[in-house]
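Given next are the chains, with one letter for each unit.
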Amino acid sequence: MYLFELFDLGETVTYAIIAAVVVLFALFVLLVVKVSKKEKEAKSGTTVSKKQKKAEKVDEDKLASLKIVDKNSTVVETKPVVVEEQQVEETVVEEQQVEETVVEEQQVEETVVEEQQVEETVVEEEPKVEEKATSNRYKGKYVVFQEGDFFRYRLKASNGEALILSEPYTSEKGARAGIETLKRNVGEAKIDVVEDKHGLFHFRLITKANRILAQSANYEAQARAVSASKSFEKFVMTDIVIFDETVSTTHTAAEKIEVEVSPDSSGKFIIEKVEDGYEYILKASNGRKICNSKAYKTLATCKTSLEGFRDLVYTGDFYIFKDKNGNFQFKLYNAQNRLVMTGEVYSTKKACLNVIESIKRFARFAELVE
């Protein structure tokens, strides 16, 4: 029983020892774990510290390198600045280019506006140019054409209006020479506006020798004849001469008249004083006016021309002209195709022909009454 009690006591001790060992082992394990954890934390802290130190060292190295570079050269620090300044300069250049482009566009627009203004100025100055006759367009022109066996010329204004019709020439060369004669004499010649008995007006160019160089068409108003004479003065010196191979229906048609009439001595010539001198008038037996001459400066010249007219009525050539308005007019030319007399304007060819016949009937033996 004692033994059993001892055994029982020993078992208790054994258990106590085992329990103590287990507790110690547990504590040991806890201590080891704790120590291990601390070592790990310590190691981890050391590593971070080393990395931080290493990073700080790298930063210090970079800073040192930068300082070294700063001492030796400013290129590293100024490169970004230079680039930015270049970019700024490029931006400025681009802005200047944009401004220049805008200026150029404005200049182009201003140029266009100026061109438009020039065109408008040209349009406004066209009438002035026409008055001065400084360009071919506004110089007018001479048109030489053939009419039957003869050649004539017209002086046309820039708008196509026929200002004068020349006398007949036997050749184109003669017509062209007549143009030059007209231009040579126009400075000293006189322009005369005349009204006939039908109230129509025309102008004629008369030389110092009292020769009619040119005569216009007939106008219903004196102002229109005066205006045409001004246009004649404007365009007479043009150097443009062309030959027209076609005869337009608007051209004046001419017909040579040859009639035989028995002379009659019952007519008479009367010389009258006019503004520019003297003129003779042929009248029929009933006192009706048949025709009249141009004005002569002296009475003696007028009488001499009258006597020459008596013969020219039979040796010269009568022509009847039909103008663009459908009216008729006669003209008498001498053997040199120079105009001697121009008749009145008639609405019918028959009336014009009757006047020619009356001239041939009374001119030769008509009495001169002073």
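The structure we're discussing is the one just above.
### A look at the overall build of the chain
Counting its secondary structure elements, the chain contains 6 helices and 15 strands. Relative to its full complement of 370 residues, the chain shows a buried share of 31%. Across the chain, the fraction of contacts at a sequence separation of at least 24, relative to all contacts at a separation of at least 6, is 53%. Accessible surface, the chain: about 23800 Å² in total, of which carbon and sulfur atoms supply 54%.

### Some details on the nonpolar core
Judged by nonpolar contacts, the single largest core of 31 residues is most densely connected at Tyr 280, Leu 282, Phe 309, Phe 330 and Ile 359. Looking at this core, the elements with two or more residues in it are β9 (268–274), β10 (277–283), β11 (289–292), α5 (299–315), β12 (317–322), β13 (328–333), β14 (339–346) and α6 (349–362). One finds Tyr 153, Leu 155, Ala 189 and Leu 205 within the second-largest nonpolar core, a separate group that totals 24 residues.

### Re the pattern of salt bridges
One pass over the structure, following the stated rule, counts 9 salt bridges. A salt bridge links Lys 230 to Glu 233, with the shortest nitrogen-to-oxygen separation between them at 4.0 Å. Taken together, the positions of Lys 230 and Glu 233, both in helix α4 (residues 222–235) and 3 residues apart, correspond to about one turn of that helix. Among the ionic pairs, Glu 307 bridges to Arg 310, the shortest N-O distance being 3.2 Å. Of this pair, Glu 307 and Arg 310 are both found in helix α5, 3 residues apart, which corresponds to roughly one turn of the helix.

### Points about the side chain of Lys 360
Inspection of the secondary structure puts Lys 360 in helix α6. Buried Lys 360, no salt bridge; nearest opposite-charge side chain is Glu 260, N-O distance 5.6 Å. Those residues in contact with Lys 360, other than ones at most four positions away along the chain, are Val 259, Val 261, Pro 263, Val 313, Tyr 314 and Phe 318.

### A closer look at α6
Compared with an ideal rise of 1.5 Å per residue, which puts 14 residues at 20 Å, α6 spans 20 Å between its outermost C-alpha atoms and is within 8% of the ideal. Taken residue by residue, α6 has Cys 352, Val 355, Ile 356, Ser 358, Ile 359, Lys 360 and Phe 362 as its buried positions.

### Brief notes about the layout of surface pockets
Approximately 510 Å³ is the volume found for the largest pocket. Looking at the largest pocket, it is lined by 26 residues, and the ones nearest its centre are Val 194, Glu 195, Arg 204, Glu 279 and Asn 292. The element best represented in the lining of the largest pocket is β14, accounting for 5 residues. Tallied by class, residues from the lining of the largest pocket come to 7 nonpolar, 8 polar and 11 charged.

Thresholds, definitions, all that
- Residues numbered from 1 in each chain as written.
- Predicted model: local features only at pLDDT ≥ 70, side-chain atom pairs only at ≥ 80, totals over all residues.
- Heavy atoms only, no water.
- Helix = DSSP H or I, 4+ residues; strand = E, 2+ residues; numbered from the N terminus.
- Buried < 20%, exposed > 50% of the residue type's maximum accessible area, 1.4 Å probe, protein only.
- Contact = heavy atoms within 4.5 Å.
- Areas by Shrake-Rupley, 256 points an atom, 1.4 Å probe, with all protein chains shown as cover.
- Core = buried A, V, L, I, M, F, W, Y, C linked by side-chain atoms within 4.5 Å.
- Salt bridge = Lys/Arg side-chain N within 4 Å of Asp/Glu carboxyl O.
- Lys, Arg positive; Asp, Glu negative; His and termini not counted.
- Expected span 1.5 Å × (residues − 1).
- 1 Å grid on protein atoms, 1.4 Å probe; cavity = no way out; pocket = protein on both sides within 12 Å on 5 of 7 lines; lining within 4 Å.
- Points joined across faces, edges and corners; volume = space filled by probe spheres on them.
- Nonpolar A, V, L, I, M, F, W, Y, C, P; charged D, E, K, R; others polar.

As far as function goes, none of this settles anything; it's purely spatial.
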